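The chain contents come next:
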Number of protein chains: 2
Amino acid sequence: MSLPGTGTARWHPAWLPPEAFRAIGTRRVLVHGAGPLVDTVFEEVTRACADHGGRARRTGATPPAGTTDSAGPPDGDGGGGPAADEVDATQVALVLRGAGALPAVAGDAPVPAGGEPGALGDEGFLLTRDGAVTVLLADAPAGLLYGLFHLVRLGETAFDPARPGAVHRPAVRRRMLDHWDNVDVHPVMGQVERGYAGGSIFWRDGRARRDLARLRAYGRLLAACGINAISVNNVNVHATEARLLTDRLGDVAEIADVLRPYGVRVHLSVTFAAPVVVGGLATADPRERRVRDWWARTTRQVYQRIPDFGGYLVKADSEGQPGPFAYGRDHADGANLLAEALAPHGGVVHWRAFVYDHRQDWRDRSTDRARAAYDHFAPLDGRFDDNVVLQVKYGPMDFQAREPVSPVIAAMPATRLAVEFQVTQEYTGQQRHVCYLGPCWSEVLGFRPWGPDGHRVADVVAGVPDRGRGGDLVAVSNVGDDPYWTGHPLAQANLYAFGRLAWDPRRDPRAVLDEWIDLTFPPTTTGDPERVRETLHALLDDSWRTYERYTAPLGVGFMVSPANRHYGPDVDGYEYSRWGTYHFADRDGVGVDRTRATGTGFAGQYPQPWSTVYESVDECPDELLLFFHHVPYGHVLRGGSTVVQHIYDTHFAGAEEVTAMRERWRDLAGLVDPALYDRVGERLDEQVRSATEWRDQINTYFFRKSGVPDAKGRRIH
Amino acid sequence: MSLPGTGTARWHPAWLPPEAFRAIGTRRVLVHGAGPLVDTVFEEVTRACADHGGRARRTGATPPAGTTDSAGPPDGDGGGGPAADEVDATQVALVLRGAGALPAVAGDAPVPAGGEPGALGDEGFLLTRDGAVTVLLADAPAGLLYGLFHLVRLGETAFDPARPGAVHRPAVRRRMLDHWDNVDVHPVMGQVERGYAGGSIFWRDGRARRDLARLRAYGRLLAACGINAISVNNVNVHATEARLLTDRLGDVAEIADVLRPYGVRVHLSVTFAAPVVVGGLATADPRERRVRDWWARTTRQVYQRIPDFGGYLVKADSEGQPGPFAYGRDHADGANLLAEALAPHGGVVHWRAFVYDHRQDWRDRSTDRARAAYDHFAPLDGRFDDNVVLQVKYGPMDFQAREPVSPVIAAMPATRLAVEFQVTQEYTGQQRHVCYLGPCWSEVLGFRPWGPDGHRVADVVAGVPDRGRGGDLVAVSNVGDDPYWTGHPLAQANLYAFGRLAWDPRRDPRAVLDEWIDLTFPPTTTGDPERVRETLHALLDDSWRTYERYTAPLGVGFMVSPANRHYGPDVDGYEYSRWGTYHFADRDGVGVDRTRATGTGFAGQYPQPWSTVYESVDECPDELLLFFHHVPYGHVLRGGSTVVQHIYDTHFAGAEEVTAMRERWRDLAGLVDPALYDRVGERLDEQVRSATEWRDQINTYFFRKSGVPDAKGRRIH
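Residues numbered from 1 in each chain as written. Chains lettered and ligands numbered in written order. Predicted model: local features only at pLDDT ≥ 70, side-chain atom pairs only at ≥ 80, totals over all residues. Heavy atoms only, no water.

1. Remarks on the sheet that holds strand E19 (residues 472-476) of chain B
Residues and elements named next belong to chain B.
So, step 1. Spatially, the 8 strands close up into a barrel ordered E8-E13-E14-E15-E16-E17-E18-E19, and their pairing is parallel. Taking each pair of neighbouring strands and ignoring which way they run, the sheet shows an average axis angle of 25 degrees.
So, step 2. Bridging between strand E15 (residues 311-314) and strand E16 (residues 348-352) involves 4 bridges; their strand directions are parallel. Counted as the bridge partner of Gly-311 is Val-348 from E16.
So, step 3. Most of the contacts of helix H6 (residues 249-259) go to strand E14 (residues 265-269), to which it runs at about 155 degrees, and overall it touches strand E13 (229-231) and E14. (Pairing = 2+ DSSP bridges. Helix = DSSP H or I, 4+ residues; strand = E, 2+ residues; numbered from the N terminus. Axes fitted to C-alpha atoms, helices over the stretch in contact; angles between N-to-C directions. Contact = heavy atoms within 4.5 Å.)

2. A few points about the pattern of salt bridges
So, step 1. According to the stated counting rule, one finds 128 salt bridges over all chains in the structure shown.
So, step 2. In this structure, Arg153(B) and Glu515(B) form a salt bridge, with 3.9 Å as the shortest nitrogen-oxygen distance. Pair noted here: Arg153(B) is in helix H3 (residues 141-154) and Glu515(B) is in helix H14 (residues 509-520), with a separation of 362 residues, a long-range link.
So, step 3. One salt bridge connects Arg292(B) with Glu340(B), and the closest N-O pair in it is separated by 2.6 Å. In this pair, Arg292(B) sits in helix H8 (residues 289-305) while Glu340(B) sits in helix H9 (residues 331-342), placing the two residues 48 residues apart along the sequence.
So, step 4. Look at Glu340(B) and you get partly exposed, because its relative accessible area is 35%.
So, step 5. In the salt-bridge network here, residues are joined through shared partners; they are Arg402(A), Glu443(A), Asp542(A), Arg545(A), Glu548(A), Arg549(A) and Glu657(A). (Salt bridge = Lys/Arg side-chain N within 4 Å of Asp/Glu carboxyl O. Buried < 20%, exposed > 50% of the residue type's maximum accessible area, 1.4 Å probe, protein only.)

3. As for the interface of chain B and chain A
So, step 1. Taken together, the contact pairs 24 residues of chain B with 24 residues of chain A.
So, step 2. Of the roughly 2,400 Å² buried between chain B and chain A on both sides combined, carbon and sulfur atoms contribute 48%.
So, step 3. Its salt-bridge partner being Arg363(A), residue Asp696(B) comes within 2.4 Å of it at the nearest N-O pair.
So, step 4. On the surface where chain B and chain A come into contact, there are 17 residue pairs in polar contact (both at pLDDT 80 or more).
So, step 5. Looking at the side of chain B that touches chain A residue by residue, the class counts come to 7 nonpolar, 6 polar and 11 charged. (Buried area = accessible area lost by both parts, 1.4 Å probe. Polar contact = N/O pair within 3.5 Å; in protein donor to acceptor, adjacent residues only side chain to side chain. Nonpolar A, V, L, I, M, F, W, Y, C, P; charged D, E, K, R; others polar.)

Here's what the structure looks like:
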């Protein structure tokens, strides 16, 4: 076997370079179990051992009766390295429980007595020591796969005799990436909508790319950070993409075939108008029998071709996409229509809550886009079928660097929810800026909508009685056909972190970053491992807050350039537009009054205590002040500064921090791969330029409006 | 013969519907002369007579020795109508002098005694009466053609026995339209850069369209308003378009062949880098012998294929186009290189003076885009070859609705100049707004750079000793493949007016509009001719000033949306950009200080008295105040209002005027062609919407900045 991309590759190995497998690859490894995912595990182990001199052996490859896994390879062994007399001296055992009789291994039996049998579930695993053997147990093949990559992450520490045993299970059942990839090149959005890493890895110029080696490498990366589902096309579904559901289903099946061995299920974005657009019906009305029949029949055909198909993703009645409103139906009617078709096959429908008036009049201050998702969906709680997942952006607006957590998350206890993040850096520097989003997502997942003693957002998504039925974590992908996958090599950390935080939302994003650094820049491959680690932490740890400092202030959002597709500053760029994204700056003050008392009432969509906290100009957290309140420039923040001085201070600071980041990166010259070094260096040059531009435009704008000079006398143009 | 487009047409006949030929077509007409242009005249007369019952006869069709015209049809006659006994009772004689022996016609000899023989030139004509015969005399075929269309314009009044004879000659020798048409569809600019009338009539998707019938109809429209040259491709010359000069020259020749019978010569936009891009040389340095040889050889080949080829149009060292700066040469070196190649063949090079720093830093207030053309070119006066025409935009910026006249025009007495207008409404409503530009161009052409007693711009262009060597009038075309040619049917008036004002710059633009109305809506074809005329005057006469009122105030310019490609308001859209188009509005005031005393010094580029007038905040004309001065909002204009109140007043007024225009248009329901009526009505709806948007954004912007309420208490959002 061979895994392209890890040697003289067309693409960077990201967090799976061969060196990352050193600890396991130098040992004698037994893989016990059957089925394609266990085959994948065995292939990985075999390759690692071949690279590093260990020895891989396989048992139990005959599938046990009653499993759905197809037959794997026969028992055998692989890899080169140690002499035959060492073969049975197993040091690591990866064991799928119930997969036939275990062979004897050196030392004690690899199945420990107290292993919480049956508690591991579809994806969980138990890592423990049994005498001299490090043992990984799983009850299902996917668990073995995730356990393998956990061993890889742990490296040598997995073999510490003192290491206590531990069970690992994902917090949510589905950890999903949405690809906004277009099959046809869109005249405005290109091959990948909001894509900053080249073309699509799936599609090119209207056709499937069929770069199966790269797709497989992608599946491997996903599995290694815990992602188990993707959607393969843009939520804005145009004519060609609509046909992926029908006559171009083969293209989707091919992707599914390649990703299946890595435990990744494929979903499809579909248009609500599919019965009309590709089905030839005169209507897509969810109440019409022929429409329901069409979806049932079409979905059955999908499952005939892709038995483990994940389901549908739908953007309906949103930014011009068709939806149930056209027929006088509501979103529950719409979502349940598709859910009904998917249910017999175990599929789900992800129904996006991103519904708002995108033809708003800026003169109309009574309409507040922030209110829209709650106003549309909260009244529908309880009406969605069990296999509907309502997909809610983490904030009420649109993936800004700073937003309050969406009030929808606390408002729909009877509905399965997916919280949606944006790994692709649409509003956070478009992969030209270093902006590690782990801390942002961690804050959102740790937010407690019912106050300090209440559950967290992560709990709601995982499922807690009376608060949430359990759902998914979803993010828009940042991957393209760029050699570094994500354009900016350091943006790989965001992809990795999303997967890891979706598996374990309570994990410290710095610890996740540490994992990523260890894997991507293994200590044995860099000139000075500690320096590399420290430098990367110095660049990435606070980079999201740095980005926040030099862009739109105090949670007010947007101020990005429409002409440059959301890249770079344009303070009034959306101020008079139809998109509902305003800041209302005048010569006296700035911000949006979203209070119940005098504003749009959005603050009232939160449960207590937040409803009261956000309502109060004094209690509202500084970082969200201008999202909830219109205040004079002289208003004193909780932090002690006036609003306008805070704007000046943060913008000077943010730009300085970026300059320091660029300096800091230079420490790594000669310590990391030169091509990667140069790529990051070029992007940091652009980040310095752009951050300076942000600083100057924002400061000049507010100086011109307020007339208040900088207290520190710095240069404002 | 047949002229497509005048019956059941794919396109609107514009100002040449069959009815416009009634006066001449009902008469007995003699055409005397030889050559293709006289053939055209005879075809026109024949068709008119066939339509309206007159009788056309031809004599002198054998070409006289020594003329370059190729052989026309033999003597003969055409058309249907009157009986044979009327054939010789000539009522109209169109006579090319020197074209062989004239036949006897009824009445006296058609050549009058006192006709300023020899003074008519290449394009002039004499219109006179000889007894009962209306006689048109010309010394060259083009004169006969222009005379014919003059007769058409005059209609029945041409046959008034009391009409005095008159000689007509064009003010400038070349009256030219530049097509910014791309051969390949440009990814950003599309098929026609700044095109608002559909696709190109020449090119589609990388190929020549070869719609010869439409091209011929286009040539006919051009001749009928006096235009005698076009360039067939965009001044931004990309890879495919560069090859029009060489292996795709045939496409250009085909256009030239079709337009030649209407007296229209074809020019080509070329890239200065052509020797490299299509010639395979390593350099385009004008001092290199092989570069000069390449241009000489290439140009010779062009003339072999197109003997009356007009010449080259070049945008060099401008907005990314290559130019002589790359080789350390100046614009005179660059222009003369091409001039040298063209001179032996009688061709000219139009060299654009639109050179400025398009990567300016908004923080740098010492750089002023308005200064750029003068700074670049004035020092080169006297260095350009005789067949170089320096093409200068009418204002120092870029075709804004209001700019001062470019100081370059008064600064280069030893250089041939072309003044460039923009018929396509890039910054004046993009053919969705009614904006009759005749008054704007008339103002520019009538501007006296040396004060009330000095010459006008039109004189400089025509040529006056010590002031100007004489040049051309040029405009960017507004024509596309739209059925109405110009998208907005009323925008045809701009195309017509440009041609007519280029022929006679002193003509009152209202009179030009009157001509256009008479021709386009002939009295015999409308339900109520006077109402049609009055309504069209009411809509068009003041529409440019109306447009000015509701857009950027007091000459400050821009404030257009970059995201919407210069359509609609975005007050700060270019304020922090690299394009050098700023207004510097802050809470205290607005405008650009271009004085010598405290500003960029641009005012000093003008001769007296304007240098002093523009320098003075008190003497500067109101409509240019913010172009030359940064003033407080409370500054009192010469008109008596404060700046900010003027902004409010003009914006309320402008939007109201557009609403009134829409109302007024409804008067024509049932009186004009229903399809045209509807098309104009739709565009007026959009103009009302857009003007309201302009009003509200501008007023809100300045209210938010200044805090000054409207003195009249009107609603500002």
